[in-house]
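Here is how the chains run, residue by residue.
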Amino acid sequence: MSARACRDAYRDLVPELMAADPRVVCLDSDTGLFAGVDFGGAADRYVNLGIAEQNLMGVAAGLAQSGFVPYVNTMAAFAATRALEAVKIDIALCGLPVRIMATHDGLAAGHLGPTHHCLEDLAVMRLLPGMTVLVPHTADAAEELIRQCADVPGPVYMRLGRKAAPEPPPGLEPPRLGRAQLLRDGADVTIAATGPYPVLAALDAAALLAADGVQARVFNVHTVRPLDAGVVLAGPGPVVTVEEHWASGGLGSAVAEAAAELPGGPRVLRVAVPDAFVPGAGDQAHLVARAGITAEAVAARARRALGRRPVRRFSET
Amino acid sequence: MSESVEAADLEAHCARVRERIVEMCASVEGGHLGGSMSLVEILVALYFAVLRVDPAEPEAPGRDRLVLSKGHAGIGLYAVLAERGFFPAEDLAGYAEPGGRFSAHPTPAIPGVEVPTGSLGHGLPLGVGFALAARLSGSARRCFVVLGDGELQEGSVWEAAMAAASLRLDGLTAVVDRNGLQITGGTEDVVGLEPLADRWRAFGWAVVEVDGHDLGALVDVLGKPGPPDRPVAVIARTVKGRGLPFVEGQVRSHYARLGDRQRRRAHAVLRAARRADGGTGR
């Protein structure tokens, strides 16, 4: 696993963004991510505001109101819940171009435990009018999507994980903000996944299904909002969603909402973290598997959606 | 900043602002009467003698910024913005009207309003952002944040207070409308704030205490920059419901829907005060 972590790709990109655009400021909250980074002539535009996330979002809003483009660093849990009201009122209500760069999303915090897990951020952030919600699945994708954010006039929330995740094979085309990325084509069932582990589980599930003669079309839905619903729901067959998030409110909910309003829309089945906190130690890979976000679970859902016999029973807890 | 500011002019502005606040509180929805009346002199001093703003160009980049963090005093801000010429005073008749832009809490849909406020504890972090932006831009523009005293019970205020001092934001001034009351009683009886000046000092701010109804003192204090490298907290001692003796200093002044009789009584009291003033405001 020699891959770069998404957050490291972001960190390495920031000095370039600051050099290219004098409006870019980088606001930190004692994350430590930027230790030792040389900002060159832009050093005054990196400000560590300490452990105070409500203030962090408000300061970002004041800067954005004044014409700056703040990149704001904190953990997903603190952005999505502790500082939510500031994100909602100070940033989203004003449609400001603040980039909320959130590490430790999903179960990425691993052994740090449920206080640091964030299985609700996609739900919370996609509720906010005008918010763009992005989940890169690799460091390269993170870098690419951050560059494409330059054209987004409003706020952006991006998951950046913690450690490097296993890298799936590259897509057939580079990620384009707002477009579901086709990773594998197939004629029987659609699998829509977001985030490193879910994308990997989706691709592995497609391989399992192919062995049974079921061909899955696999999308990497790195842009959860605005959802590329037309493409994801275009078929083939039912849609299985995969995400490192609680089943309520995340990608699966977004896809199901769109499907429900589509005449003759496809059936949607979700593979997500069950409706419970995830206690106990373990790294991200361990916790993701324990939460049931696995290739086997995805394949089982796909077979069930297609009315095929379940090959083997898989525990969903 | 105008050197030709006449005290009598400021008094006249305050009088008209108070009459318009009364009118809005006589609307079908009523309004936040007490906390709007308490900050009339603070806002008039700022908008007529301190802030470099231009109603003809409300979004001029170099303007000073004012954040009304106690957004529930929106009708006080509306009345002052109208008096300053940001929009016609007749527009205030649209306060709380369905489909109109004048909600109880201000939003930037209204000319001169910088940010949406009303949920308490948001203004000072925004002010830190505005002041930091001014510094990064090499601009001498100032930022003022007007806070309620009850609002200081919100923790985010103190997050921002720490940050402002740590960043040495001398372009930032917090003005506390210290009327001493909140919805359920006196601030000291609910969750005490004293020793308030010492608390701001301990957070690294320069502190000035002032009579919040003394226009001359307010202009003097707010008009001159504070010490280098330190933000300034101006604790303005005020009276909730100021100008209306039948609610002055009373908890029930917080929100009022004035009936016709109360409205006429309020206007009579304000007119009498103007006559008695002889333009001095005392």
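Under an unreviewed UniProt entry, the name given to chain B is Transketolase, and the organism recorded is Thermomonospora echinospora. The UniProt entry for chain B carries the following text under Cofactor (unreviewed entry): "thiamine diphosphate".

If you look chain A up in an unreviewed UniProt entry, it shows as Transketolase subunit B from Thermomonospora echinospora. Note on chain A: under the UniProt heading Sequence similarities (unreviewed entry), the record states "Belongs to the transketolase family." UniProt, in the comment section headed Cofactor (unreviewed entry), describes chain A in these words: "thiamine diphosphate".

Among the residues of helix α6 (residues 139-148) of chain A, those classed as buried are A:Ala139, A:Ala141, A:Ala142, A:Leu145, A:Ile146 and A:Gln148. On its buried side, α6(A) packs onto α1 (6-20), β3 (69-75), β4 (99-103), β5 (132-134) and β6 (156-161) of chain A.

Attention now goes to the sheet that holds strand β12 (residues 268-273) of chain A. Two modes of strand pairing occur in sheets, parallel and antiparallel, and in both the strands are linked by backbone hydrogen bonds. All names here are of chain A. Spatial strand order, β7-β9-β8-β11-β12: five strands in an open sheet with mixed pairing. Every other strand in the sheet has two partners, leaving β7 (181-184) and β12 as the edge strands with one partner each. The average undirected angle you get between the axes of adjacent strands in this sheet is 25°. When strand β8 (residues 189-194) meets strand β11 (residues 239-246), the two strands line up parallel, connected through five bridges. Residue pairing in the sheet places Ala 192 in a bridge with Thr 241 of β11. Helix α9 (residues 251-261) rests against β8, β11 and β12 of the sheet, and its axis sits at about 140° to β11. Together, β8, β11 and β12 form the strand contacts of helix α11 (residues 295-306), whose direction differs from that of β12 by roughly 160°.

Once that is clear, we can look at the domain arrangement of chain A. Residue and element names in this part refer to chain A. Assigned domains within chain A: domain 1 (6-161) and domain 2 (181-306). Domain 1 puts 27 residues into the contact, and the matching count from domain 2 is 32 residues. Roughly 2,200 Å² is buried in total at the junction of domain 1 and domain 2, and carbon and sulfur atoms are behind 60% of that figure. By the criterion of area lost to domain 2, the three top residues of domain 1 are Leu 119, Arg 126 and His 137, representing 34% of everything that side buries. Counting across the interface, domain 1 meets domain 2 through one salt bridge. Across the salt bridge formed by Glu 257 and Arg 126, the nearest N and O atoms sit 2.8 Å from each other. Here domain 1 is connected to domain 2 by 16 residue pairs in polar contact (both at pLDDT 80 or more). Secondary structure elements with two or more residues in the side of domain 1 that touches domain 2: α5 (121-127) and β5.

Rules of the game
- Residues numbered from 1 in each chain as written.
- Chains lettered and ligands numbered in written order.
- Predicted model: local features only at pLDDT ≥ 70, side-chain atom pairs only at ≥ 80, totals over all residues.
- Heavy atoms only, no water.
- UniProt positions renumbered as here; feature names shortened; annotations may be inferred.
- Buried < 20%, exposed > 50% of the residue type's maximum accessible area, 1.4 Å probe, protein only.
- Helix = DSSP H or I, 4+ residues; strand = E, 2+ residues; numbered from the N terminus.
- Contact = heavy atoms within 4.5 Å.
- Pairing = 2+ DSSP bridges.
- Axes fitted to C-alpha atoms, helices over the stretch in contact; angles between N-to-C directions.
- Domains from an automatic or database assignment.
- Buried area = accessible area lost by both parts, 1.4 Å probe.
- Salt bridge = Lys/Arg side-chain N within 4 Å of Asp/Glu carboxyl O.
- Polar contact = N/O pair within 3.5 Å; in protein donor to acceptor, adjacent residues only side chain to side chain.

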